[in-house]
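Remarks on the overall topology
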Amino acid sequence: MAPALSSMPASSENIAATIATFHYTVSLPQPANHLFEVSFTVQGWSLDVLDLKFPVWTPGSYLVREYVRHLQSFAALDEQGQPLPWQKISKNHWQVTTQGHSTLTIHYKIFANELTVRTNHLDITHGYFNPAAMFFRVPGREREAIAITILPPQNWHVSTPLAATSQTNTFLAATFDELVDSPFEIGTHAVCDFEVLGKPHQIAIWGEGCYNIERILADTTKIIETEAAIFGGLPYDRYLFLLLLSANSFGGLEHKSSCTLIYSRLGLCAEETYQKYMSLVAHEFFHLWNVKRIRPKGLEVFDYDQENYTDSLWLSEGSTSFYDLIIPLRAGIYDAKCYLSKVSESITQFQTTSGRKVQPLSESSFDAWIKLYRPDANSRNSQMSYYLKGELVSFLLDLTIRAQHQNRRSLDDVMRQLWQQFGVPEVGFTREQLKAIFESVAEVDLTPFWTHYIDGLAELPFDECLAPFGLMLKAEVAHPAPYLGLVVKAEHGCAIVKFVEADSPAERAGIEPGDELVAIENFRIAAEQLNDRLQHYQPKETVAVTVFHQDVLRECSVTLGEPMPSRWRLQSVAQPTADQQNLFQGWLKINLASVG
């Protein structure tokens, strides 16, 4: 086991350049109680009042999460340990009256029992925290350095992307933004060092699981090299991957020189789920350019007190989702046929989400704060994920650019221009500037595309964009059963309606989410029997569907519809031309005939 990344010495030049006047100390005296105990010492304070504000969200996860709800036992003391008066101004704003004291210490506790990449978790095996969910900021002093000391239990070590100081388990953040951007893992986790392109990298892994660390390191190296080749190098001095292995979780959160990944502890064994993990790695790593440095204007300067709006998350997240499929292909982790299969899965998910007809992509980006992270029974009818549609819009824009320039240009050129113009100087782009860069690369007026597919609700032009490459999209009916428009799941032996598609036979008959499906034509039915049972009937046939609606037995008369496609698949056109074959070959480096 290698030493933790945090034990690597920080640059003396960086440490000397700034002296922290703010110092956090985090202790874990009883991990079983899930309480981090935090002390915040402020030195050299000269004002009558010390304002403290707690972030309500964390960059990369666009929801006001009200982290402060986990804070308890707030106290303010002077240098002699005597209490100072304080008052709470709002949900996340405290004011401490200093009474002329220049050194103040704030004590509080954070309850941490939510294991995600954007929250905090502490138990007898480890402590993980996202600093946005742990630390106050001092308004107006966000550009000052902050020291953080961790007091772990015996034999536990610390991993964080922050620079270590000469003091044991003490780290330095140059600004509050850097502190928020630097997660901490504290425990007995495994840590593996590796080098890529002359720079040190580490993977810190918490939790038991089934994995081949040599394969993970080799494939992660390929992903780093492949993404660095797009942008011409790596924009950091060192990088940390934090991997949390849990029972059945999936997710990631990007940072400027690290990322946190959470994955099923058994998901790294089977090939399909291993590939999904490597796509997650590719996604979060690509973010260190796209969104951590290439940011929409609305995210140029973070406001930690409220929502930060932009209608361009489709690029920040959707284009990153496009790359998280293509990067493992380029890195040789899977082949082109596997890639096309994964794109087909994304298209299927998109085509079976009726919300695509309701919510435009730009609106989906803007409304992330109130919709994406708060799904309900009607979300699939009314919402469209900017991750998913953004991925497919990016896919179609990439094909458009490639077709226009015979594969000599691609979405890579758009990302490189965004990097040079906005990422390197870290200034936010406007939607007009974003469109202009796409048009300068494509050398095509993209106003109709923007109007129809980003700001509008027109169906995406898959066949139009695929045709130059000799591909088409084929809709398939996997189960030739009449269309009802229900999704049911088994709960405690009952078939519970979870989703009713808009304007479906089920909705027109008055069936609602939450109803219990009891019988069809007076014969009892279980959730797993629905598709098989429907095959006994014909389209346009009217059947009696019995449900419990709010504990009242109801019989609904449902007229079934024609079978609906349930899968969309990319395949070769019947007789591709030489130009189509050449363009496809130049794109994916395989023969079109092998696609089928």
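Before reading on, note that the structure itself is shown above.
Residues numbered from 1 in each chain as written. Predicted model: local features only at pLDDT ≥ 70, side-chain atom pairs only at ≥ 80, totals over all residues. Heavy atoms only, no water.

We now examine the overall build of the protein chain. The secondary structure content of the protein chain amounts to 16 helices and 27 strands. Here the protein chain has a C-alpha radius of gyration of 27 Å; the compact-globule value for 596 residues is 25 Å, and the two agree. Based on the C-alpha atoms only, the size of the protein chain along its principal axes is roughly 85 × 65 × 45 Å. Residues classed as buried in the protein chain amount to 55% of the 596 residues present. For the protein chain, contacts bridging at least 24 residues in sequence account for 68% of all contacts bridging at least 6. (Helix = DSSP H or I, 4+ residues; strand = E, 2+ residues; numbered from the N terminus. Rg over C-alpha atoms; globule rule 2.2 N^0.38 Å. Buried < 20%, exposed > 50% of the residue type's maximum accessible area, 1.4 Å probe, protein only. Contact = heavy atoms within 4.5 Å.)

It is possible for side chains of opposite charge to pair when their charged atoms get near one another. Applying the stated rule across the entire model yields 27 salt bridges. Among the salt bridges present, the one from K53 reaches D305, with a minimum N-O distance of 3.1 Å. Here D305 lies in the loop between α4 (271–286) and α5 (313–330) and K53 lies in strand β3 (residues 49–53), a separation of 252 residues in the sequence. Of the charged contacts, one joins D413 and R416 as a salt bridge, the two residues approaching to 3.2 Å between their closest N and O atoms. (Salt bridge = Lys/Arg side-chain N within 4 Å of Asp/Glu carboxyl O.)

Another point: the packing of helix α3 (residues 213–231) against α4. One way to put it is that α3 packs onto α4 with a least axis distance of 10 Å and a crossing angle of 40°. Classed by the angle they form, the pair α3 and α4 counts as oblique. The handedness of the crossing between α3 and α4 comes out as right-handed. Contacts from R215, I216, D219, T220, I223, I224, E227, I230 and F231 in α3 reach E271, Y274, Y277, M278, V281, A282, F285 and F286 in α4. By residue class, the composition of the contact of α3 with α4 is 12 nonpolar, one polar and four charged. (Axes fitted to C-alpha atoms, helices over the stretch in contact; angles between N-to-C directions. Parallel < 35°, antiparallel > 145°, perpendicular 65-115°, else oblique. Left-handed = near helix turned anticlockwise from the far one by under 90°. Nonpolar A, V, L, I, M, F, W, Y, C, P; charged D, E, K, R; others polar.)

If you walk across this open sheet you meet the four strands as β8-β9-β14-β11, and the pairing is antiparallel. Unpaired on one side and paired on the other, β8 (121–123) and β11 (157–159) mark the two borders of the sheet. Neighbouring strand axes in the sheet, compared pairwise and without regard to direction, differ in orientation by 15° on average. As defined by bridge partners, β11 adjoins strand β14 (residues 184–187) across three bridges and the pair is classed as antiparallel. Bridging across to β14, V158 finds its partner in I186. (Pairing = 2+ DSSP bridges.)

With that out of the way, let us pick up α5. For α5, spanning 18 residues, the distance from its first C-alpha to its last is 25 Å, which sits close to the expected 26 Å at 1.5 Å a residue. At D324, α5 shows its largest bend, some 25°, and a proline, P328, comes one to four positions later. In terms of burial, α5 is a largely internal element, 17 of the 18 residues being buried. Following α5 by one or two positions, G332 adopts a phi angle in the positive range, close to 80°. (Expected span 1.5 Å × (residues − 1). Bend = angle between axes of the 7 residues up to and from the residue.)

The topology assignment puts S572 in strand β27 (residues 567–572). Given the relative accessible area of 14%, S572 is considered buried. With residues near it in sequence (within four places) discarded, S572 still touches G470, L471, M472, L592, V595 and G596.

Our focus in this paragraph is the state of the cysteines. Taken as a whole and judged by the stated rule, the model has one disulfide. Here C210 is linked by a disulfide to C269, with a sulfur-sulfur distance of 1.9 Å. One end of the pair, C210, is in the loop between β16 (199–206) and α3; the other, C269, is in the loop between β19 (258–264) and α4, with 59 residues separating them in the sequence. Counting only cysteine sulfurs, C259 is the nearest neighbor of C192, a cysteine outside any disulfide, at a range of 15 Å. (Disulfide = S-S within 2.5 Å.)

Right, let's talk about the packing of aromatic side chains for a bit. Per the counting criterion, the structure on display carries 46 aromatic pairs. Each ring, one from F231 and one from F286, has its centre 5.6 Å from the other, and the planes form 55°; the classification is tilted. Of this pair, F231 sits in helix α3 while F286 is found in helix α4, placing the two residues 55 residues apart along the sequence. Every member of this aromatic cluster is reached through a ring pair, and the members are F194, F231, Y236, Y239, F241, F285, F286, W289, F322, Y323 and W419. Above the face of the Y373 ring, R65 is positioned so that its terminal group lies 5.3 Å from the ring centre. Above the plane of the ring of F250 lies K276, whose end atom (NZ or CZ) is 4.6 Å from the centre. (Phe/Tyr/Trp six-rings, centres within 6.5 Å; stacked < 30°, edge-to-face > 60°. Lys NZ or Arg CZ within 6 Å of the ring centre and 35° of its normal.)

Pairing is mixed across the open sheet formed by five strands, whose spatial order is β15-β16-β17-β19-β18. In this open sheet, the two edge strands, each paired with only one partner strand, are β15 (190–196) and β18 (250–254). Ignoring which end each strand starts from, the neighbouring axes of this sheet average 15° apart. In this structure, β18 lies alongside β19, joined through five bridges in antiparallel fashion.

So, about the environment of L340. Along the chain, the position of L340 falls in helix α6 (residues 336–351). Along the sequence, L340 and T25 sit 315 residues apart, while their C-alpha atoms lie 50 Å from each other. Once residues lying within four places of it in the same chain are set aside, the contact partners of L340 are L471, L570, F584, W587, L588 and V595.

In the contact formed by α6 and helix α16 (residues 578–588), the axes pass within 11 Å of each other and the chain directions differ by 95°. The orientation of α6 relative to α16 falls into the category roughly perpendicular. On α16, the residues that touch A336, Y339 and L340 of α6 are F584, W587 and L588.

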